[in-house]
Amino acid sequence: MIFESLPTTPRSDELIDKAFSRAARSGRAKQDKLEAQQSMLQTASNILSDNLENVVVEWPDFELVDPFYYELADAIVDVDSLRQALSQVMWASRTIDNVAREYQSKLRRTDADTARKHRKQAFARMANIVEQVEDDLLEIGAARDALKDLPDIRPDEPALVVAGYPNVGKSSFVNDVTRASNEIARYPFTTKGVQIGHFERDRIRYQIIDTPGLLDRPEDERNDIEKQAVSAIEHLADGVLFVVDASGECGYPIDAQLELRDAVKARFEQRDIPVITVCNKSDRSTDVEADLYMSVETGENVEEVLDALADAVEFETDLPPSRNE
């Protein structure tokens, strides 16, 4: 996942202490007093400039990030504000480098006592630059903490999103078809963990995703962050399985379920994403018009539903055909 390897972001005071303490050690290692001042300046500027630059370059370029991950990140943190913070930190890195070059030139043309004064001036300027981006570093660190544990959903693999009201059997379906391969991952904008599993058809690995708290209630009941998360899922989804329960056991009338289905269908079909309606608990009731009927509890037609989803997605792979084809 593109955010999981992001390093911890240092605080401004930590970075300044680290740079100046190492600079002091490097200075003590020099016998010549002028060389000591030059070494201290170079050591401190390298640590500050390099660490600040690393904060920025470890982040992905949001211009190139897949739209799913971009909108997902923007649903959790303000990406525009984050990019501005990253830009400020890069400015600080380059400015410190310029300050170091300016004062190294001065140190080469003076005596040890004057060099010490110049070096102290440079340290004060560099510390001031780092302190100017203190809030930016805190914002980047908070964004890193918020994004690093997002689950590994791969935009290059076909993704099937499971929707429908609570208690209609979505999680049971995902558990059944993925068996031990499913995982529960925590999104900051869901009240429950998003369930992600995988299954294979014709050597293609499909991701199947249940999103409780997002696609299990009407649009007007979602907050702004949840709405943006749904928008991110639109970029990800290659197909949608909408599960209904005609038995009445889920606690939601079938009319309300179909109304939610129609809203989901209208939204995803704008992107030409197929939506398949499946009636679960068909061993108890099939009193609803649906594309397919199944019972996760008895296993009836579960495999047929997976086949229908794979066929609807029509995902093309570069793998050569198997010998049996």
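The following paragraphs examine the structure supplied in this document. Keep in mind it's a predicted model, so treat the numbers as computed, not measured.

What counts and how
- Residues numbered from 1 in each chain as written.
- Predicted model: local features only at pLDDT ≥ 70, side-chain atom pairs only at ≥ 80, totals over all residues.
- Heavy atoms only, no water.
- Helix = DSSP H or I, 4+ residues; strand = E, 2+ residues; numbered from the N terminus.
- Rg over C-alpha atoms; globule rule 2.2 N^0.38 Å.
- Buried < 20%, exposed > 50% of the residue type's maximum accessible area, 1.4 Å probe, protein only.
- Areas by Shrake-Rupley, 256 points an atom, 1.4 Å probe, with all protein chains shown as cover.
- Lys, Arg positive; Asp, Glu negative; His and termini not counted.
- Charge placed at Lys NZ, Arg CZ, Asp CG, Glu CD.
- Pairing = 2+ DSSP bridges.
- Salt bridge = Lys/Arg side-chain N within 4 Å of Asp/Glu carboxyl O.
- Right-handed = clockwise from strand over helix to strand, strands pointing away.
- Expected span 1.5 Å × (residues − 1).
- Polar contact = N/O pair within 3.5 Å; in protein donor to acceptor, adjacent residues only side chain to side chain.
- Core = buried A, V, L, I, M, F, W, Y, C linked by side-chain atoms within 4.5 Å.
- Contact = heavy atoms within 4.5 Å.
- Phe/Tyr/Trp six-rings, centres within 6.5 Å; stacked < 30°, edge-to-face > 60°.
- Lys NZ or Arg CZ within 6 Å of the ring centre and 35° of its normal.
- Axes fitted to C-alpha atoms, helices over the stretch in contact; angles between N-to-C directions.
- Parallel < 35°, antiparallel > 145°, perpendicular 65-115°, else oblique.
- Nonpolar A, V, L, I, M, F, W, Y, C, P; charged D, E, K, R; others polar.
- Arc of directions from axis to C-beta.
- Disulfide = S-S within 2.5 Å.

## Re the overall build of the protein
- Each helix and strand in the protein was counted, giving ten helices and seven strands.
- Its C-alpha atoms give the protein a radius of gyration of 28 Å, clearly above 20 Å, the size a compact globule of 325 residues would have.
- If one aligns the C-alpha atoms of the protein with their principal axes, the spans along those axes are about 95 × 50 × 30 Å.
- The buried share among the 325 residues of the protein stands at 48%.
- When the accessible surface of the protein is summed, it comes to about 16300 Å², and 42% of that surface belongs to carbon and sulfur atoms.
- Averaging the positions of the 38 positive and the 64 negative side-chain charges in the protein gives two centres separated by 14 Å.

## A word on the pairing of strand β5 (residues 239-245)
- Of all seven residues in β5, seven are buried; the element is thus mostly enclosed.
- Here β5 shows no split at all, with Gly239, Leu241, Val243 and Asp245 on one side and Val240, Phe242 and Val244 on the other all buried.
- Where strand β1 (residues 159-163) lies against β5, four bridges are found, and the strand directions are parallel. Directly across from Val162, in β5, lies its bridge partner Leu241.
- Bridge count between β5 and strand β6 (residues 275-280): six bridges; the pairing is parallel. Bridge pairing in β6 places Val240 opposite Val275.

## What about the pattern of salt bridges?
- A full pass over the atoms with the stated rule returns 22 salt bridges.
- Salt-bridge contacts for Glu219 lead to Arg222; the nearest nitrogen and oxygen are separated by 2.5 Å.
- For Glu219, a relative accessible area of 35% corresponds to the partly exposed category.
- A salt bridge links Glu249 to Lys281; its shortest N-O distance comes to 4.0 Å.

## Brief notes about the pairing of β6
- Along β6, six of the six residues are buried, which leaves the element largely enclosed by surrounding structure.
- Of the two faces of β6, both are covered, the one formed by Val275, Thr277 and Cys279 as well as the one formed by Ile276, Val278 and Asn280.
- You can see the chain leave β5, run along helix α9 (residues 254-269) and come back into β6, and the turn it takes is right-handed.
- Here two bridges tie β6 to strand β7 (residues 292-293), and the two strands are oriented parallel to one another. Each bridged residue has a counterpart across the sheet, and for Cys279 the counterpart in β7 is Tyr293.

## Some thoughts on helix α2 (residues 33-57)
- Taking 1.5 Å per residue, 25 residues should reach 36 Å; α2 reaches 36 Å between its end C-alpha atoms and fits that length.
- Measuring from the backbone nitrogen of Leu34 back to the side-chain oxygen at the start of α2 gives 3.0 Å, which picks out Asp32 as the cap.

## Observations concerning the nonpolar core
- Phe3 and Trp59 are the most contacted members of the largest nonpolar core, which totals 53 residues.
- Only α1 (12-28), α2, α3 (67-76), α4 (79-107), α5 (112-132), α6 (134-147), β3 (194-201) and α8 (224-236) provide two or more residues apiece to this core.
- The biggest single contributor to this core is α4, with eleven residues.
- If we skip the residues at most four places from it in the chain, Phe3 touches Trp59, Pro60, Phe62, Tyr69, Ala73, Leu147, Lys148 and Leu150.
- Counting residues in hydrophobic clusters, the runner-up holds 44 residues, among them Phe199, Leu214, Ala246 and Val278.

## Points about the packing of aromatic side chains
- All chains considered together, the criterion is met by nine aromatic pairs.
- A network of ring pairs unites the aromatic residues Phe3, Trp59, Phe62, Phe68, Tyr69 and Tyr70 as a single cluster.
- We note Lys106 situated over the ring of Tyr103; from NZ or CZ to the ring centre the distance is 4.4 Å.
- Sitting over the ring of Phe123, Arg119 keeps its end group 4.8 Å from the ring centre.

## Digging into the packing of α4 against α5
- One can describe the packing of α4 onto α5 by two numbers: an axis separation of 10 Å at closest approach and a directional angle of 175°. Considering the angle they form, α4 stands roughly antiparallel to α5. From α4, Trp91, Ala92, Thr95, Ile96, Val99, Glu102, Tyr103, Lys106 and Leu107 reach across to α5, where they touch Ala115, His118, Arg119, Gln121, Ala122, Arg125, Met126, Ile129, Val130 and Gln132.
- Each residue belonging to the contact of α4 with α5 can be placed in one class, and the counts come to eleven nonpolar, four polar and four charged.

## Some thoughts on α1
- Under the 1.5 Å per step criterion, the end-to-end length of α1 is 25 Å for 17 residues, consistent within 8% with the ideal 24 Å.
- Where α1 is concerned, the buried positions are Ser12, Leu15, Ile16, Ala19, Ala23, Ser26 and Gly27. Axial view of α1: buried residues confined to an arc of 100°, hence all on one face. Away from the buried face of α1 by more than 90 degrees, exposed residues Asp17 and Arg28 are located.

## Thoughts on the state of the cysteines
- Applying the stated rule across the entire model yields zero disulfides.
- With no disulfide of its own, Cys250 has Cys279 as its nearest cysteine by sulfur position, at a separation of 10 Å.
- Of the residues examined, Cys250 reaches a relative accessible area of 6% and is grouped as buried.
- The exposure class assigned to Cys279 is buried, which follows from its relative accessible area of 0%.

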